[in-house]
Amino acid sequence: MNDRLHPAAEAATDAPADTATAAETTGVRRAEKIAYENNKLHKRLCRQVGQAIGDFNMIEEGDRVMVCLSGGKDSYALLDILLTLRERAPINFDIIAVNLDQKQPNFPADILPAYLERLGVPYHIENQDTYSIVKRVVPEGKTTCALCSRLRRGILYRVATELGATKVALGHHRDDILETFFLNMFFGAKIKGMPPKLQSDDGKQIVIRPLAYVKEADLIRYAEVKQFPIIPCDLCGSQENLQRKQIKGLMREWEKKFPGRVDNIFSALSTVVPSHLMDRDQFGFAALKATGQPDANGDIAFDEEPCATGSGVNANFAAQVISLFPAD
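Trainee: It is not clear to me how the overall build of the protein chain should be interpreted in this structure. Could you clarify?
Mentor: What the protein chain contains, in helices and strands, is 10 helices and 6 strands. Counting all 328 residues of the protein chain, 36% fall into the buried class. Within the protein chain, residue pairs in contact and separated by at least 24 positions form 79% of the contacts whose partners lie at least 6 positions apart. When the accessible area of the protein chain is evaluated, it comes to approximately 19,600 Å², of which 53% is carbon and sulfur surface.

What follows is the structure, encoded as structure tokens:
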């Protein structure tokens, strides 16, 4: 008796194995693609942070950088990327992570210490009950973020001095800088942003924002990839600043309808032409006279010269870091 199956039956018998093999191949390819995209994201963030550090001379040889860690995606990413750069940068610097426990109800005080100990990063937890102060001072229903921020800033500056930190690193990113620019312009009648580097209120510290060139969307994805143990920022019950929320919505709408517009606005922040604005303190309009000589900085309001970057005093840092994380 011939035990050979009918060809159709044989095909049916082989089909599950073939299907399983195809599914496995597809799964492997998908995993490889995800790994490739994740690695590309990491390299892009390292390049952008390295570029910002170099452009603005944020970190120098022998610095002790205090990274302010809130438990949010931005500060986690900042610490993670700075740790990567420290191992490969052409200069030597130390990192210490600092968290301010403001005694908000239900704050999970064990998460950050456990995370930092697992990384082997030196850290300091500062315990200050600013929550009670804010709740006592701010009327019910009002946004508490402004007062909370001022109290937090003062405490962190003091801690930086006590720890011997030479730089205080904050996790503000490109979107934060743009939102602040528009908030000041729309609601404060000022052309003022959030600088990537500045002197602290008390004049004792240099504050840096190494994520200045990084988009928030990339940080959101990076936090998912790295599985950071995020601590929510709504423990105090405060609502998000409604004006900032409006600006976020406006920028999202622009990005959707006019791709590239937000990028151009960000570039404009580093391409300021005081002679074509109206601030008499920044440009001597009153004393301006015709010299009879051509002026390269004359009527250039409609020129289309691109914004140049990379000319900072620490350009060597940026160049070497960028070479370590080439674009794919």
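Trainee: Where do I start with the packing of helix α6 (residues 174–188) against helix α9 (residues 261–268) in this structure?
Mentor: Helix-helix packing: each pair is described by the crossing angle between the helix axes and the interaxial distance. Where α6 meets α9, the axes come as close as 11 Å, and the angle between the chain directions of the two elements is 75°. Classed by the angle they form, the pair α6 and α9 counts as roughly perpendicular. Between α6 and α9, the contacting residues are Arg174, Ile177, Leu178, Phe181 and Phe182 on the first element and Val262, Asp263, Ile265 and Phe266 on the second. Partitioning the contact of α6 with α9 into residue classes produces 7 nonpolar, no polar and 2 charged.

Trainee: What is the right way to look at the side chain of Asn99 in this model?
Mentor: For Asn99, the location among the structural elements is in strand β2 (residues 94–101). One polar contact links the side chain of Asn99 to the main-chain carbonyl oxygen of Leu69, over a distance of 2.8 Å.

Trainee: Can you walk me through helix α7 (residues 216–226) in this structure?
Mentor: Counting along an α-helix, one turn takes 3.6 residues, and residues three or four places apart therefore face a common direction. Among the residues making up α7, those that are buried are Glu216, Asp218, Leu219, Tyr222 and Ala223. Seen from one end, α7 has its buried residues packed into an arc of 150°, which puts them on one side. For α7, exposure combined with an orientation more than 90 degrees from the buried face picks out Ala217 and Glu224.

Trainee: I'm lost on the sheet that holds strand β4 (residues 167–169) in this one. Help?
Mentor: Strand pairing in a sheet takes place through backbone hydrogen bonds and is either antiparallel or parallel in direction. If you trace the 6 strands from one edge of the open sheet to the other, you get β3-β2-β1-β4-β6-β5, paired in mixed fashion. For this open sheet the edge positions go to β3 (123–127) and β5 (197–199), each flanked by a neighbour on one side alone. For this sheet the average axis-to-axis angle between neighbouring strands, irrespective of direction, equals 25°. Where β4 and strand β6 (residues 206–208) come together, 3 bridges link them in parallel fashion. Across the sheet, Lys167 pairs through a bridge with Ile206, a residue of β6. The sheet strands contacting helix α3 (residues 111–119) are β2 and β3, and the helix crosses β3 at an angle near 170°. Across the face of the sheet, helix α5 (residues 145–163) comes into contact with β1 (64–68), β2, β3, β4 and β6 while running at roughly 140° to β2.

Trainee: Honestly, helix α8 (residues 242–257) in this entry has me stumped. Any pointers?
Mentor: For α8, which comprises 16 residues, the first-to-last C-alpha distance of 23 Å matches the rise-based estimate of 22 Å (1.5 Å per residue) to within 8%. Those residues of α8 that sit buried are Ile247, Lys248, Met251 and Trp254. Taken around the axis of α8, the buried residues stretch over an arc of 125°, which confines them to a single face. Exposed positions of α8 whose direction lies more than 90 degrees from the buried face are Leu242, Gln246, Arg252, Lys256 and Lys257. Turning to α8, the residues buried within the fold contact α6, α7 and α9.

Trainee: What is the right way to read the packing of α6 against α8 from this model?
Mentor: For the pair α6 and α8, interaxial distance at closest approach is 9 Å and the crossing angle is 115°. Compared by their axis directions, α6 and α8 come out roughly perpendicular. The handedness of the crossing between α6 and α8 comes out as right-handed. Facing α6, whose interface residues are Asp175, Asp176, Leu178, Glu179, Thr180, Phe182, Leu183, Phe186 and Phe187, α8 presents Gln243, Arg244, Gln246, Ile247, Lys248, Leu250, Met251 and Trp254. Across the contact of α6 with α8, the residue classes break down as 9 nonpolar, 3 polar and 5 charged.

Calculation criteria
Residues numbered from 1 in each chain as written. Predicted model: local features only at pLDDT ≥ 70, side-chain atom pairs only at ≥ 80, totals over all residues. Heavy atoms only, no water. Helix = DSSP H or I, 4+ residues; strand = E, 2+ residues; numbered from the N terminus. Buried < 20%, exposed > 50% of the residue type's maximum accessible area, 1.4 Å probe, protein only. Contact = heavy atoms within 4.5 Å. Areas by Shrake-Rupley, 256 points an atom, 1.4 Å probe, with all protein chains shown as cover. Axes fitted to C-alpha atoms, helices over the stretch in contact; angles between N-to-C directions. Parallel < 35°, antiparallel > 145°, perpendicular 65-115°, else oblique. Nonpolar A, V, L, I, M, F, W, Y, C, P; charged D, E, K, R; others polar. Polar contact = N/O pair within 3.5 Å; in protein donor to acceptor, adjacent residues only side chain to side chain. Arc of directions from axis to C-beta. Pairing = 2+ DSSP bridges. Expected span 1.5 Å × (residues − 1). Left-handed = near helix turned anticlockwise from the far one by under 90°.

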